[in-house]
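Now for the letters of each chain:
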Amino acid sequence: MILTVTMNPAYDMTYRVEHFERGRAHRVRSVDQRLGGRGINVTRVLNQLGKYARATGFSDHSFAAAASLEMPVDFVHALPWVRRTVVISESDDGTATALWEPGPRISEPRAVDQLRVRVAGLLSDMTGLVIAGSQPGGVDPGLPAELARLAIAAGVPTICDFDGPALELAATVPGITLTPNTEELERLTGCPATTVPEILAAVDPLIADGANAVIVTRGGAGMVAVTADRAWSAALPQPLAGNPTGAGDAAVAAIIAALAADPAPDWPTLLADAVATSAAAVVIPVAGEIDRVLRDRLLPTVRVRELEFVAARP
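Quick caveat: nothing in here was measured; it's all calculated off a predicted structure.

Moving on to the environment of Tyr15. Along the polypeptide, Tyr15 turns up in strand 2 (residues 10-17). Linking Tyr15 and Glu90, residues 75 residues apart in sequence, is a C-alpha distance of 8.5 Å. The residues touching Tyr15, leaving out its near neighbours within four places in the chain, are Val28, Ser30, Val31, Val86, Val87, Ile88 and Ser89.

What follows is the structure, given as structure tokens:
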């Protein structure tokens, strides 16, 4: 069982318009509302990949009840309400504009202790752990790192996928796997991360501090994966147009599925699968779903290249 932790879930709203322009009224062609948050999206994709996954974290009663109709959940009821995220998706060129609400503060004083108990109680059944997304007010940014340490000490492969102070603390956990995008990596390290050499230089101290792996997502340019002694880049021959909102979550789902099956995976195979799964999410207008037929078709076309600079490192 793979467990996902979403501390700040959301109702994802997707508005589709022909072309979005600031300062004018628009006719919305269609609207989708679904349960969201990074961990929730990862859980959905894992289930599509045929992997049993359960979602936990913080929510209110209404969100938890709705989520239980769709997936296995075990939420701590600690939020007075659940935020919304709004994505404006343009059909003419696939551009997406996102608005993220910050979310509320937790309302239950013992919520953090309850979440610790949830995670600790499931460790013996866990094959993988994903802690993803932002945190609500009132939660210490060190909590994700604490949960990650607990899981890694029990031999559970763990991915942390978030930003800010929580990522800074999680990056110090030995054995952690990190999946930042280039902007998150730049904020974490203070180093530019536009080109592949810049990414390798930025990631190197994280690996030296004990990270199991750092997989950097680069949008249409693919991904770069770095482990203790080797590194690879992977990308499609041509990027796909569409809504990139859930692409990172789909990639995380593919990565944790591989790590749960084998904590020492064949990294080129893992990376190719992550790129194909991420691309299969781009063509879906809402986050948390993939086109499985397209994923299977794209997988053989992913180009994986070993990066000699890191491979030659002592």
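A few words on the packing of helix 3 (residues 111-122) against helix 4 (residues 143-153). For the pair helix 3 and helix 4, the least separation of the axes is 10 Å and the interaxial angle reads 25 degrees. The orientation of helix 3 relative to helix 4 falls into the category roughly parallel. Between helix 3 and helix 4 the crossing geometry is right-handed. Listed contacts from helix 4 to Val112, Leu115, Arg116, Val119 and Ala120 of helix 3 are Leu143, Glu146, Leu147 and Leu150.

Take the packing of helix 6 (residues 182-189) against helix 7 (residues 196-208) next. Remark: helix 6 packs on helix 7, axes separated minimally by 10 Å, with the N-to-C direction vectors making an angle of 55 degrees. It follows that helix 6 is oblique to helix 7 by the angle criterion. Our pair here, helix 6 against helix 7, has a crossing hand that is left-handed. Touching Thr182, Leu185, Leu188 and Thr189 of helix 6 are Ile199, Ala202, Val203 and Leu206, all from helix 7. Its residues placed into classes, the contact of helix 6 with helix 7 shows 6 nonpolar, 2 polar and no charged.

What follows deals with helix 8 (residues 247-261). Here helix 8 contains 15 residues, and its C-alpha end-to-end distance of 22 Å stays within 8% of the 21 Å for a straight helix at 1.5 Å per residue. In terms of burial, helix 8 is largely enclosed, as 11 of its 15 residues are buried. Every buried residue belonging to helix 8 is among Ala247, Asp249, Ala250, Ala251, Val252, Ala253, Ala254, Ile255, Ile256, Ala257 and Leu259, and all of these are buried.

The rules behind each value
- Residues numbered from 1 in each chain as written.
- Predicted model: local features only at pLDDT ≥ 70, side-chain atom pairs only at ≥ 80, totals over all residues.
- Heavy atoms only, no water.
- Helix = DSSP H or I, 4+ residues; strand = E, 2+ residues; numbered from the N terminus.
- Contact = heavy atoms within 4.5 Å.
- Axes fitted to C-alpha atoms, helices over the stretch in contact; angles between N-to-C directions.
- Parallel < 35°, antiparallel > 145°, perpendicular 65-115°, else oblique.
- Left-handed = near helix turned anticlockwise from the far one by under 90°.
- Nonpolar A, V, L, I, M, F, W, Y, C, P; charged D, E, K, R; others polar.
- Expected span 1.5 Å × (residues − 1).
- Buried < 20%, exposed > 50% of the residue type's maximum accessible area, 1.4 Å probe, protein only.

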